[in-house]
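Descriptive structure summary
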Amino acid sequence: MATNASVTIRQNRLHLKKREALEVAPRLVELRRTLESTLPRVRIEDLLTQVNGWCDFTRVFRHPGERAPRMPHFFTTLLATLIAHGTNLGLATMAHSVEEPMTADHLQEMSQWCVREETLKAANTLLVDYLRSVPLSAVWGDGTVSSSDGQRFNLQASSLLGSLYPRYFGYYDRAVTVYTHVADHHSWPR
């Protein structure tokens, strides 16, 4: 433990060392407050409901051969299932995060019967087609070229840009993510 950069032992107790942090300028704090006060907080299920109102992407998520959903609370169960998979929460954790009568079994059934490769492809097609119809999307091109990727690199020295990525580098090693987006007209390394 004496050589561990992340923890120390004092008086027979384990203590985590303080993370490096830059001092935040008062003007930046004020700018953050201004932005946060003008941008409303939006719950993800409300956002999905709004997007669905624009392009009705949820209409493709049906049991094979089914024209209309038979499951009670179909729409809310579908959104919970999509959020569980899309955020890597998992079905069991999502079931504990929502109100009754939705259960992990309902989410599992929705996953097995309605969230399949062909329904996901169809929903993605509806979403992409809608986004291509929005005039602002033309700024990035006609949609024939697009690629996004985040590459993580292990850091050999301490850096304020580094973050912990336990899934890839363990609990003590820091890494930096370089995000790259390429579209028809632009390329952005972030």
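This is a predicted model, so every value here is computed, not measured.

Rules of the game
The numbering scheme is per chain: residues are counted from 1 as the chain's sequence reads. Under the rules for a predicted model, residues below a pLDDT of 70 receive no local features and side-chain atom pairs below 80 are neither given nor counted, while totals for whole chains, interfaces and linings still include all residues. The basis for every side-chain value is the complete set of heavy atoms in the structure, and neither hydrogens nor water enter the calculation. Two aromatic rings, drawn from Phe, Tyr or Trp (for Trp, its six-membered ring), form a pair once their centres lie within 6.5 Å of each other, and the interplanar angle then sorts them: stacked below 30 degrees, edge-to-face above 60, tilted otherwise. Counting from the N terminus, the helices are DSSP H or I runs at least four residues long and the strands are E runs at least two residues long. For every residue, the accessible area obtained with a 1.4 Å probe (protein chains only) is divided by the maximum for its type, and the residue is called buried under 20%, exposed over 50%, and partly exposed between those limits. In this description, one arc is meant: the one made by directions from the helix axis to the C-beta atoms. Any pair of residues with heavy atoms lying within 4.5 Å of one another is described as a contacting pair. To estimate the expected span of a helix, subtract one from its residue number and multiply by 1.5 Å.

Before going further, it helps to spend a moment on the packing of aromatic side chains. Considering all chains together, one arrives at one aromatic pair under this definition. Ring centres 5.9 Å apart and planes at 20 degrees place the aromatic pair Trp 54 and Tyr 130 in the stacked group. With Trp 54 in helix H2 (residues 44–55) and Tyr 130 in helix H6 (residues 117–133), the pair connects residues that are 76 residues apart, well separated along the chain. Assessed through its relative accessible area of 46%, Trp 54 is described here as partly exposed.

What follows is about helix H5 (residues 104–113). For H5, the full list of buried residues reads Leu 107, Met 110 and Ser 111. Along the axis of H5, the buried residues cluster in a sector spanning 100 degrees; they form a single face. Elements in contact with the buried residues of H5: helix H3 (74–86) and helix H4 (91–97).

A rise of 1.5 Å per residue sets the reference length of H6, with its 17 residues, at 24 Å; its end C-alpha atoms lie 24 Å apart and thus fit the reference within 8%. Inspection of H6 places Thr 119, Ala 123 and Leu 126 among the buried residues, and these make up the whole buried set. Down the axis of H6, the buried side of the element spans an arc of 60 degrees, and every buried residue falls inside it. The exposed set on the far side of H6, more than 90 degrees from its buried face, consists of Glu 117, Lys 121, Leu 131 and Arg 132. Those residues of H6 hidden inside the fold are in contact with H2.

With a phi close to 50 degrees, Gln 11 is a non-glycine residue in the positive phi region. Looking at the secondary structure, you find Gln 11 in the loop between strand S1 (7–10) and strand S2 (13–16). Given a relative accessible area of 79%, Gln 11 falls into the exposed group. One non-glycine residue with positive phi stands out, namely Asp 56, at about 50 degrees. Considering the arrangement of structural elements, one finds Asp 56 in the loop between H2 and H3. Residue Asp 56 is classed as partly exposed on the basis of its relative accessible area of 34%.

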